[in-house]
Amino acid sequence: FNTAFERLTDYTEAEVIGRHLSLLFPPASRAESLAKIEDALRGEYWETVEIPIQGKNGETRLALWNSANIYAEDGVTLLATIAQGVDITERKQTEQALQQSEKKFRYLVENALVGVYMTNVKGDILYVNDTALEIFGFNSAEELISGGAVVRYKDPKDRAFLIENIKQKGSVRDFEFKALTKTGETRDILLSAVLADNALTGMVLDITERKQAEAELARH
C-alpha cells in the first residue's frame, strides 16, 4: 500500500495491511468491485477500469485501475495480484460538466430561430440545423450536405468574396447575398460567420420579406 494510495484514501499503510480489500470500496459498489477482483484472481487481465474508492473520511473518489497476477515459476500457482490506480475524480467531473455544457449548447443551436451552419473552407457543409434546412427548402441535413455550400449561392462570386474577407479578418458580420433554395427560388440572406480551426461557423437569416417590404416602402 504505497504513499500515493495513502494520499488517495487517508489510510496509512499500517492501517490497511492485513485487512480485507473491501475496506477500500464504498458499500454501493463494493460487490461489483470485488467481483472484478475475483475475475483477476481467476487469471483474467484487468485493465483500465473505473472503480470507486472510499477513503477513511468516507469520501468517494474515482480511480482508473489496471491489474495483473503474479504467478510462481510453474505459471499456475497464484502468488499475488498487483494493481495500480490513478485518481480521475476531477477529470470525470470536468468531462461530465463539459458534456452537460455541450448538451445545452446543442439544444440551443438545434432549436435556434436562425439558421446555424458549419462548412470547411473548400465549401463542404459539415453541419446545419433545422432552421437552415427550412430556409433553403431541404428536408434533411444529408440532402443539403450532399449539394455542398457553393451551390447555395446564386452568384458564386459572393462565396469567394466572403471567404477572402473572412480569411483576412477572421470573421464577417451582416453579409448580404442572394441564395438559391432547393427549388431554385431566390432568397435574400443575411450571414454572420467566424473562421476557426479551418472551419467556417455562422448564422443565416432569411431577410427576403424584409427586403421586399423595404422596396415597397421606397416605391411609396
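What comes next is a walk through the structure. (Residues numbered from 1 in each chain as written. Predicted model: local features only at pLDDT ≥ 70, side-chain atom pairs only at ≥ 80, totals over all residues. Heavy atoms only, no water.)

This part takes up the overall build of the protein. In terms of regular secondary structure, the protein is built from eight helices and eight strands. Relative to its length of 220 residues, the protein is extended, with a C-alpha radius of gyration of 30 Å against a globular reference of 17 Å. With the principal axes as the frame, the protein shows a C-alpha extent of 95 × 40 × 35 Å. A total accessible area of about 14000 Å² is found for the protein, and carbon and sulfur atoms account for 54% of it. Taken together, the 26 basic and 35 acidic charged side chains of the protein have centroids lying 7 Å from each other. (Helix = DSSP H or I, 4+ residues; strand = E, 2+ residues; numbered from the N terminus. Rg over C-alpha atoms; globule rule 2.2 N^0.38 Å. Areas by Shrake-Rupley, 256 points an atom, 1.4 Å probe, with all protein chains shown as cover. Lys, Arg positive; Asp, Glu negative; His and termini not counted. Charge placed at Lys NZ, Arg CZ, Asp CG, Glu CD.)

For the rest of this paragraph, the subject is the layout of surface pockets. Put simply, the largest pocket is a space of about 710 Å³. Together, 29 residues line the largest pocket, and Phe1, Phe5, Leu21, Leu24 and Trp65 are the ones closest to its centre. Only α1 (3-9), α3 (27-41), β1 (46-54), β2 (60-71) and β3 (78-87) provide two or more residues apiece to the lining of the largest pocket. If one sorts the elements of the lining of the largest pocket by residue count, β3 sits on top with six residues. Residue composition of the lining of the largest pocket, grouped by class: 18 nonpolar, seven polar and four charged. There is about 180 Å³ of room inside the second largest pocket. What lines the second largest pocket is Glu102, Phe105, Arg106, Val109, Val116, Tyr117, Met118, Tyr127 and Thr201. Secondary structure elements with two or more residues in the lining of the second largest pocket: α4 (89-110) and β4 (115-120). By residue number, the principal contributor to the lining of the second largest pocket is α4, which donates four residues. Across the lining of the second largest pocket, the residue classes break down as six nonpolar, one polar and two charged. (1 Å grid on protein atoms, 1.4 Å probe; cavity = no way out; pocket = protein on both sides within 12 Å on 5 of 7 lines; lining within 4 Å. Points joined across faces, edges and corners; volume = space filled by probe spheres on them. Nonpolar A, V, L, I, M, F, W, Y, C, P; charged D, E, K, R; others polar.)

A positive phi is found at aspartate 10, a non-glycine position, where the angle reads about 70°. Locating aspartate 10 in the fold gives a position in the loop between α1 and α2 (13-16). Residue class for aspartate 10 comes out partly exposed when judged on its relative accessible area of 44%. Of note in the backbone geometry, asparagine 198 takes a positive phi value of approximately 65° without being a glycine. Along the polypeptide, asparagine 198 turns up in the loop between β7 (186-196) and β8 (199-206). Taking the relative accessible area as the measure of exposure, asparagine 198 reaches 55% and is therefore exposed. (Buried < 20%, exposed > 50% of the residue type's maximum accessible area, 1.4 Å probe, protein only.)

This part covers the environment of glutamate 142. Locating glutamate 142 in the fold gives a position in helix α6 (residues 141-145). For glutamate 142, a relative accessible area of 59% gives the class exposed. Distance from glutamate 142 to valine 128, taken between C-alpha atoms, is 9.4 Å for residues 14 residues apart in sequence.

Attention now goes to α4. For α4, built from 22 residues, the straight-helix expectation of 32 Å at 1.5 Å per residue is met to within 8% by its first-to-last C-alpha distance of 31 Å. Taken residue by residue, α4 has Thr89, Lys92 and Val109 as its buried positions. (Expected span 1.5 Å × (residues − 1).)

Our next topic: the pairing of strand β6 (residues 171-180). Taken together, the eight bridges between β6 and β7 define a ladder with antiparallel strand orientation. Considered in β7, the bridge of phenylalanine 177 is made with isoleucine 189. Adjacent in sequence and paired antiparallel, β6 and β7 are bridged by five residues, among which glycine 184 carries a positive phi angle near 95°. (Pairing = 2+ DSSP bridges.)

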